[in-house]
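As a plain string of letters, each chain reads:
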Amino acid sequence: MNATRIMVVEDEPSVSEVVSLYLGKAGYDVISIRNGQAALDELEKELPHLVVLDLMLPEVDGREILAWLRQRSAVPVIVLTALRDESDRIDGLEMGADDYITKPFSPQELVSRVRAVLRRGGGATAPGQEGDNSQSLVYENLQINPVMRLVIAQSREIDLTAKEFDLLLLLARNPKKVFTRSQLLEQVWGLSEYIDPGTVTVHMRRLREKIEVDPSDPRHIETVWGVGYRFEP
Ligand code: CA
């Protein structure tokens, strides 16, 4: 089976059923899980191509699952949240979720978010689909391998979230080009209208802390004051 596997972690049966039904109809292989501990057990056995994760779960909270995943993999995660509180959504994104959707949502919208996240290259790239974009980028003290989603800085392997990696790759593939925060939101998150532009600032700060020798005087990721960011090779 070459189908893209999606794990749906959601304890509310009605939501879980409708989400699984629509994703199944869209051609995905769906694994439906109802509680947090079962999700961790299943993830330890095999990682899916994408996880749809409810934050409020019995036994093990969705945040713990997200943190667990981010310590180990770049599997894209779409967070489901009933919480209207902006800070919760920002928390999810800061913890490395690739997107979020607020309940109640339309199942079609979730399916299109899933497609968008997978298209952006979360981890479900089939062999042979990388094309010209599979080549490693090598700069002074910094190497980026797009296929393995691996970054080496100062001879150390760097642990980046999916979003941090996508941001770095976009900038590094376009050296010296200035990107505004809304361009970065659009190209990396794909949903500029839903996300606070401050999210970009937060991700850039973390990225610098991880890859720069001196994050306060960055060598590669430069701020262009009043405009945005650019990559200096
Ligand atoms: Ca729930």
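Right above here is the structure, for reference.
Residues numbered from 1 in each chain as written. Predicted model: local features only at pLDDT ≥ 70, side-chain atom pairs only at ≥ 80, totals over all residues. Heavy atoms only, no water.

Asker: Would you mind showing me how to read the pairing of strand 3 (residues 50-54) here?
Answerer: Sheet faces and side chains relate simply in a regular strand, where the side chains alternate between the two faces. Taking burial as the measure, the five residues of strand 3 include five buried ones, the bulk of the element. Of the two faces of strand 3, the one lined by Leu50, Val52 and Asp54 and the one lined by Val51 and Leu53 are each fully buried. By the bridge criterion, four bridges tie strand 1 (residues 5-9) to strand 3 in an arrangement that is parallel. Bridge pairing in strand 3 places valine 9 opposite leucine 53. (Buried < 20%, exposed > 50% of the residue type's maximum accessible area, 1.4 Å probe, protein only. Helix = DSSP H or I, 4+ residues; strand = E, 2+ residues; numbered from the N terminus. Pairing = 2+ DSSP bridges.)

Asker: Help me out: how do you make sense of the coordination of the calcium ion in this one?
Answerer: Ideal values for angles at a metal depend on the geometry: 109.5 degrees with four tetrahedral donors, 90 or 180 degrees with six octahedral donors. The calcium ion binds to the protein through Asp11 (OD), Asp54 (OD) and Met56 (O), with metal-donor distances spanning 2.1 to 2.4 Å. Mapped onto the polypeptide sequence, the residues donating to the calcium ion form the spacing pattern D-x42-D-x1-M. With aspartate 11 in the loop between strand 1 and helix 1 (13-25) and aspartate 54 in strand 3, this pair connects stretches of sequence that are 43 residues apart. (Donors = N, O, S within 2.8 Å, 3.2 Å for Na, K, Ca; no water.)

Asker: I'm lost on the packing of aromatic side chains in this one. Help?
Answerer: Applying the stated rule across the entire model yields one aromatic pair. Plain terms: the ring middles of tyrosine 139 and phenylalanine 231 are 4.8 Å apart, the flat faces sit at 55° to each other, and that makes the pair tilted. Placement of tyrosine 139 in strand 6 (residues 137-139) and of phenylalanine 231 in strand 12 (residues 228-231) is noted, with a sequence separation of 92 residues between them. Residue phenylalanine 231 is classed as buried on the basis of its relative accessible area, which comes to 0%. (Phe/Tyr/Trp six-rings, centres within 6.5 Å; stacked < 30°, edge-to-face > 60°.)

Asker: How should the pairing of strand 12 be read in this particular structure?
Answerer: As judged from the two bridges shared by strand 10 (residues 179-180) and strand 12, these two strands associate in the antiparallel manner. The residue bridging threonine 180 from the neighbouring strand is glycine 228, located in strand 12. Where strand 11 (residues 221-224) and strand 12 come together, four bridges link them in antiparallel fashion. Opposite valine 224, over in strand 12, you have glycine 228 as the bridge partner. Where strand 11 folds back onto strand 12 in an antiparallel hairpin, the turn is made up of three residues, including glycine 226, whose phi is positive at roughly 80°.

Asker: I tried to follow the environment of glutamate 212 on my own but got confused; where do I start?
Answerer: One can find glutamate 212 in the loop between helix 8 (198-211) and strand 11. Taking the C-alpha atoms as reference points, glutamate 212 and asparagine 141, 71 residues apart in sequence, are found 9.3 Å from one another. In this structure, glutamate 212 is in contact with Gln154, Leu207, Pro218, Arg219, His220 and Ile221, ignoring residues within four places of it in sequence. In terms of polar contacts, glutamate 212 uses its side chain to reach the backbone amide nitrogen of histidine 220, at 2.9 Å. (Contact = heavy atoms within 4.5 Å. Polar contact = N/O pair within 3.5 Å; in protein donor to acceptor, adjacent residues only side chain to side chain.)

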